Amino acid sequence: MLAQYNTWVGWPVPLRFFLSVSAFFLRSAPLQHLAGWQEEEQQGETDTVLSAAALCVGVGSFADPDDLPGLAHFLEHMVFMGSLKYPDENGFDAFLKKHGGSDNASTDCERTVFQFDVQRKYFKEALDRWAQFFIHPLMIRDAIDREVEAVDSEYQLARPSDANRKEMLFGSLARPGHPMGKFFWGNAETLKHEPKRNNIDTHARLREFWMRYYSAHYMTLVVQSKETLDTLEKWVTEIFSQIPNNGLPKPNFGHLTDPFDTPAFNKLYRVVPIRKIHALTITWALPPQQQHYRVKPLHYISWLVGHEGKGSILSYLRKKCWALALFGGNGETGFEQNSTYSVFSISITLTDEGYEHFYEVAHTVFQYLKMLQKLGPEKRIFEEIQKIEDNEFHYQEQVLEIQLSMWKTCVENMQLYPLQDFLTGDQLLFEYKPEVIAEALNQLVPQKANLVLLSGANEGKCDLKEKWFGTQYSMEDIENSWAELWESNFELNPDLHLPAENKYIATDFMLKAFDCPETEYPVKIVNTPQGCLWYKKDNKFKIPKAYIRFHLISPLIQKSAANVVLFDIFVNILTHNLAEPAYEADVAQLEYKLVAGEHGLIIRVKGFNHKLPLLFQLIIDYLAEFSSTPAVFTMITEQLKKTYFNILIKPETLAKDVRLLILEYARWSMIDKYRALMDGLSLESLLSFVRELKSQLFVEGLVQGNVTSTESMDFLKYVVDKLNFMPLEQEMPVQFQVVELPSGHHLCKVRALNKGDANSEVTVYYQVSGPFMHMEEPCFDFLRTKQTLGYHVYPTCRNTSGILGFSVTVGTQATKYNSEVVDKKIEEFLSSFEEKIENLTEDAFNTQVTALIKLKECEDTHLGEEVDRNWNEVVTQQYLFDRLAHEIEALKSFSKSDLVNWFKAHRGPGSKMLSVHVVGFGKYEPEEDGTPSGEDSNSSCEVMQLTYLPTSPLLADCTIPIIDIRAFTSRLNLLPYHKIVK
């Protein structure tokens, strides 16, 4: 970003509020489900050149009143529900969607952040509309009653998350009266039913909270756009100066120190998780560390604790087959760092054997920390971290995730740091002060640590229950023998030591000269029976980085469910084998990822081009010389069982699996894979599979960035030479064939697999293309805002192995709605949408089309975006690199009558419609015997097979039930392999 912003301006607005405006040219736009097709493996999202703004209110959930838990979070929702100047309840969202924008908001412990982006042409009006939420929001009573349901749905969706449950349990350990013990989420009980019983007027209290805390002098603002700074300053002063300022002192919680200095801390908590997992989390509560941001002591410590190279905690635990992953540090959320304390946590994913030795695992952690304390901080390591962070900051690309977080981070930084550190205060290490690092490090001792052990093996042994998320847990003292050992001067572990100097840190940032003609799109520079290579030298972004991607295609993978599982095991073990030798490259900002694709191994490598070949060759070397010990094989297969299980118990992922199992012929479902894995596979069968896999391949690659064509050809040559494989006997399609759905409305209704989860997922899918961009806002408005069916509501255009379709999905709860009621409401929305588009004016239609064209015309904002788009063409073997240009030409000739005629044709009697319901547990979804289904258990159903549910009278007359997917699809026609290249 240092290379891409012009300047920064900050000034006080007398008597009103402190305001800062940025003019650095970020690129933006989480299009969410806005435009383009959603690939089945990844969201079809892109980012564009949009103007954007973020506003931070320096108050959050710590300020919740005791009798209305979740009020701050609820207010964050409510301010968006219309204003005095713009009273339409969903008007702002409609305005943004109409002009290619989006918005978001979040509530933390001591801050609440709002942000949006929109096409530059409409930025000033969007700013005015947005500012009204802070000047005079309506917050009418009727909207309050409905939006409570959205907050409650958000809470219900969060309940099955082990991370959220662990967080709530941790907060409950704080001393009485500390705000950490509050229920920040809020739900229908705390915001609607309980207040009603206690004669509390939630509407009046919301307005009081807004008047007290949404005051201008608590706020900071960031705007970015290509207007001049003078213009931006004029707009901001004109629009935001109306925000009221009550002049009251800002709430301060800094006096509530040591919240976890209680008898409940420094214990062992056994917790029953939702997922199948063994995990140990060791936590310390330290004094607030914010004032040490220029040193970042916790970052220094976490860099060492989380290291995965030789001598590290994880390296040692992996060799013992006790752990699979380790994450250490401070997440810098309000929950982990605020004005009252800072958390330092070490979370370790354990194997089955590691669970049996969790005390030894904890002891290893304490031995490593004791070694660090004895050695003291080292300047070499601090400077190495500093150099890596400096390189990354200076040359970082404006990728979507960075852009989204940048405004939020910037506007929060303005609440925390002096002007000169607004951009860098949270990212860079400025000063080496060993005494500050040592002070934090010396507090990380066993006597001050709290241990949380998650495992399904704890079920039946936990007699306590957390109030809000229903987490089952128990509390006990640390075992005497271990407590006594940790009180003593215990010995260090000779296998644990500091990391060596990192050989992967880039030092050459020169841009390379072209060795072939410049091209607008990738060109094929190698084409042999064994593989081909596409190449494009970067001539636009001019950064010293490169992207290398390869797809190693094999027909062996999809021959059986067992083969798919063996392929997953292979990729997981290969990743495990690389973890230690490749870790230094990873921390030096050379990133790699191995993906078990449907039809082959995908290798992704990116970063500074100087040392990137070293990492790529390392990966290929380990692939060529693949091996596994019996212990590692057992460890990985046991973990894969948990991974498959955890995918199956989520309604949204089960719904996707069911939908694709119906649509894609010869696909192996997650249940097929789980069953094959549970039946048992051997190390010998894995090694035999890998030998056969590597013996015959077709390798397709793409290299882009600061790299020459000659260097690029060397990457493919290295793969071919090291693996020494034969070419495939015939060309292999890299997609499934798709069934042709019969006319009519087909319904596949299955029971969710987690008895403790009330969440249901309802997707209505049409096997056609869809009028997507125009549908998003009215869909959200009807199904979420007005009907309050659920928190997650979205239409999606889908590309299923080349066959287009569109769907509407609603995440709801069985405690509130039957899934068939939701299905009917989706149909009701689609009927109203037909009327809506018929009544659409030509001007309104043309505005939508123009907005979509503008989005597609936007230039790539970073090299990674261009690579992603080009790689999608390569990996799907379509090679239409100028696809956007073709789409823009098609849109220019698209008329309103085309849209209306298309919609009527595909919604008529011949429509091909598929509803998939994954049904949660609650009073509106009775068991097969008619009794209400429960939602209080943490247990899961049998996941070896789907439980098909009968259709109720509500949909029985208008749907065709699917009660056996294989039987249903076996009699359907198959559509030809299809590529969208025209």
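Looking up the protein chain in an unreviewed UniProt entry gives the name Nardilysin convertase, with the organism given as Phocoena sinus.

Asker: Kindly report on the packing of aromatic side chains, identifying the contributing residues and their values.
Answerer: Scanning all chains against the criterion turns up 51 aromatic pairs. With 6.0 Å between their ring centres and 45 degrees between their planes, Phe 845 and Phe 894 make a pair best called tilted. Linking Phe 845 in helix α27 (residues 842–857) with Phe 894 in the loop between α29 (883–892) and α30 (896–906), this pair joins segments that are 49 residues apart in sequence. Its relative accessible area of 4% is what places Phe 845 among the buried residues. The exposure class of Phe 894 is partly exposed, given its relative accessible area of 34%. A cation over an aromatic ring shows up here: Lys 276 above the ring of Phe 645, its NZ or CZ 4.5 Å from the ring centre.

Asker: How would you summarise the sheet that holds strand β14 (residues 472–476) if you had to cite specific residues and measurements?
Answerer: Taken together, 7 strands build an open sheet; the order of strands is β10-β11-β9-β12-β8-β14-β13 and the sheet is mixed. In this open sheet, the two strands that pair with only one neighbour each are β10 (323–329) and β13 (464–465). Pairing of strand β8 (residues 268–271) with β14 involves 4 bridges; the strand directions are antiparallel. Bridge pairing in β14 links Val 271 to Tyr 473. Lying over the sheet, helix α5 (residues 162–171) contacts β8, β9 (278–286), β11 (342–350), β12 (450–454) and β14, oriented at roughly 145 degrees with respect to β12. Across the sheet, helix α20 (residues 630–648) touches β9, β10 and β11, and the angle it forms with β10 is around 70 degrees.

Asker: Hey, could you go over the nonpolar core for me, with residue numbers and the actual values?
Answerer: Ranked by internal contacts, the top residues of the largest apolar core, which has 154 residues, are Trp 284, Phe 366, Phe 570 and Leu 686. By residue number, the principal contributor to this core is helix α17 (residues 561–579), which donates 11 residues. In terms of nonpolar packing, the next biggest core, distinct from the first, is built from 54 residues, Phe 74, Phe 116, Phe 123 and Val 236 among them.

Asker: Give me the UniProt feature "domain: Peptidase M16 C-terminal" (unreviewed entry) in the protein chain: which residues, what numbers.
Answerer: Here, the residues flagged by UniProt with the feature "domain: Peptidase M16 C-terminal" (unreviewed entry) are residues 202–387. For residues 202–387, the helix share is 39%, the strand share is 19%, and the end-to-end C-alpha distance is 52 Å.

Asker: Would you mind going over the packing of helix α2 (residues 91–98) against helix α3 (residues 123–135) in detail, with residue names and values included?
Answerer: Between two packed helices, the angle of one axis relative to the other and the distance separating the axes together describe the packing. Running from N to C, α2 and α3 point in directions that differ by 160 degrees, and their axes come no closer than 10 Å. Considering the angle they form, α2 stands roughly antiparallel to α3. α2 and α3 meet at a crossing whose hand is left-handed. Residues Gly 91, Phe 92, Phe 95 and Leu 96 of α2 form the contact with α3, whose participating residues are Glu 125, Ala 126, Arg 129, Trp 130 and Phe 133. Among the residues making up the contact of α2 with α3, the classes are represented as 6 nonpolar, 1 polar and 2 charged.

Asker: Go over the side chain of Asp 538 with me, naming the residues and quoting the values.
Answerer: Secondary-structure assignment places Asp 538 in the loop between β16 (531–537) and β17 (545–553). Although Asp 538 lies buried, it forms no salt bridge, and the closest oppositely charged side chain, Lys 536, sits 5.4 Å away as judged by the N-O distance. Separated by 2.7 Å, the side chain of Asp 538 and the backbone nitrogen of Lys 542 make a polar contact. The residues contacting Asp 538, other than those within four sequence positions of it, are Phe 514, Ile 543, Gly 705, Asn 706 and Leu 863.

Asker: Pulling in residues and values, what's your account of α3?
Answerer: Helix length check: α3 (13 residues) gives 18 Å between terminal C-alpha atoms against 18 Å at 1.5 Å per residue, within 8%. In terms of burial, α3 is a largely internal element, 11 of the 13 residues being buried. Of the residues making up α3, those classed as buried are Phe 123, Ala 126, Leu 127, Asp 128, Arg 129, Trp 130, Ala 131, Gln 132, Phe 133, Phe 134 and Ile 135. On its buried face, α3 sits against β4 (51–57), α2, β6 (112–118), α7 (202–213), β7 (219–224) and α8 (229–240).

Asker: Residues and numbers for the side chain of Thr 220, please.
Answerer: Examined against the element boundaries, Thr 220 turns out to sit in strand β7. By relative accessible area, which is 5% here, Thr 220 ends up buried. A polar contact of 3.2 Å, which involves the side chain of Thr 220, links it to the side chain of Gln 415.

Asker: I'd like a description of unusual backbone geometry, backed by residues and values.
Answerer: Negative phi values dominate among residues other than glycine, just as trans dominates among peptide bonds. A positive phi angle, close to 50 degrees, is found at Met 139, a residue other than glycine. The backbone of Ser 801 sits at a positive phi, close to 50 degrees, despite the residue not being glycine. Positionally, Ser 801 belongs in the loop between β23 (792–800) and β24 (803–813). Of the residues examined, Ser 801 reaches a relative accessible area of 14% and is grouped as buried.

Asker: Before we move on, could you go through the environment of Leu 444 and cite the residues and values that matter?
Answerer: Mapped onto the fold, Leu 444 is located in the loop between α15 (434–441) and β12. Placed 307 residues apart in sequence, Leu 444 and Arg 751 show a C-alpha to C-alpha distance of 46 Å. Setting aside residues up to four positions removed in sequence, Leu 444 forms contacts with Trp 284, Leu 286, Ile 301, Phe 344, Leu 369 and Gln 373.

Asker: I'd like a description of helix α26 (residues 819–838), backed by residues and values.
Answerer: In a regular helix each residue adds 1.5 Å, so 20 residues correspond to 28 Å; α26 covers 29 Å between its end C-alpha atoms and thus fits that length. Listed in full, the buried residues belonging to α26 are Ser 819, Glu 820, Val 822, Asp 823, Ile 826, Phe 829, Leu 830, Phe 833 and Ile 837.

Asker: Describe the pattern of salt bridges, naming the residues involved and giving the relevant values.
Answerer: It is possible for side chains of opposite charge to pair when their charged atoms get near one another. All told, the structure shown has 52 salt bridges when counted by the stated rule. Where Lys 234 meets Glu 238, a salt bridge forms, and the shortest distance between an N and an O atom there is 3.8 Å. Separated by 4 residues within a single helix, Lys 234 and Glu 238 lie in helix α8, roughly one turn from each other. Residue Glu 238 is classed as partly exposed on the basis of its relative accessible area of 39%. Across the pair Asp 721 and Lys 717 runs a salt bridge whose closest N-O atoms are separated by 2.7 Å. Highlighted residues: Asp 721 and Lys 717, both in helix α24 (residues 709–723), separated by 4 residues, approximately one helical turn. Taken together, the salt bridges that share partners define one network made up of Glu 149, Asp 152, Lys 192 and Lys 816.

Asker: If you had to explain the sheet that holds strand β5 (residues 102–107) to someone new, which residues and values would you point to?
Answerer: Read across the sheet, 4 strands follow the order β5-β6-β4-β7 without closing on themselves; strand pairing throughout is antiparallel. What marks the edges here is a single partner per strand, and that holds for β5 and β7. Each adjacent strand pair in this sheet contributes to an overall mean axis angle of 10 degrees, direction not counted. The sheet contact formed by β4 and β6 spans 7 bridges and is antiparallel. Opposite Val 57, over in β6, you have Thr 112 as the bridge partner. Contacts from α2 reach β5 and β6, with the element oriented near 135 degrees to β5.

Asker: So what's going on with the environment of Asn 480? Which residues, and what values?
Answerer: Along the chain, Asn 480 falls in helix α16 (residues 480–487). C-alpha of Asn 480 to C-alpha of Leu 884: the two residues are 404 residues apart in sequence and 67 Å apart in space.

Asker: Report on the pairing of strand β15 (residues 523–528), specifying residues and quantitative values.
Answerer: As paired elements, β15 and β16 share 5 bridges and run antiparallel to each other. Pairing of Val 526 across the sheet is with Leu 533, part of β16.

Asker: How would you explain the packing of helix α1 (residues 71–78) against α7 if you had to name every residue and give the values?
Answerer: For the pair α1 and α7, interaxial distance at closest approach is 10 Å and the crossing angle is 85 degrees. Between α1 and α7, the angle is such that the two are roughly perpendicular. Each of Leu 71, Ala 72, Phe 74, Leu 75 and Met 78 in α1 lies in contact with α7, whose residues at this interface are Thr 202, Arg 205, Leu 206, Phe 209 and Trp 210. For the contact of α1 with α7, the per-class residue count stands at 8 nonpolar, 1 polar and 1 charged.

Definitions and limits used
Residues numbered from 1 in each chain as written. Predicted model: local features only at pLDDT ≥ 70, side-chain atom pairs only at ≥ 80, totals over all residues. Heavy atoms only, no water. Phe/Tyr/Trp six-rings, centres within 6.5 Å; stacked < 30°, edge-to-face > 60°. Helix = DSSP H or I, 4+ residues; strand = E, 2+ residues; numbered from the N terminus. Buried < 20%, exposed > 50% of the residue type's maximum accessible area, 1.4 Å probe, protein only. Lys NZ or Arg CZ within 6 Å of the ring centre and 35° of its normal. Pairing = 2+ DSSP bridges. Contact = heavy atoms within 4.5 Å. Axes fitted to C-alpha atoms, helices over the stretch in contact; angles between N-to-C directions. Core = buried A, V, L, I, M, F, W, Y, C linked by side-chain atoms within 4.5 Å. UniProt positions renumbered as here; feature names shortened; annotations may be inferred. Parallel < 35°, antiparallel > 145°, perpendicular 65-115°, else oblique. Left-handed = near helix turned anticlockwise from the far one by under 90°. Nonpolar A, V, L, I, M, F, W, Y, C, P; charged D, E, K, R; others polar. Lys, Arg positive; Asp, Glu negative; His and termini not counted. Salt bridge = Lys/Arg side-chain N within 4 Å of Asp/Glu carboxyl O. Polar contact = N/O pair within 3.5 Å; in protein donor to acceptor, adjacent residues only side chain to side chain. Expected span 1.5 Å × (residues − 1).

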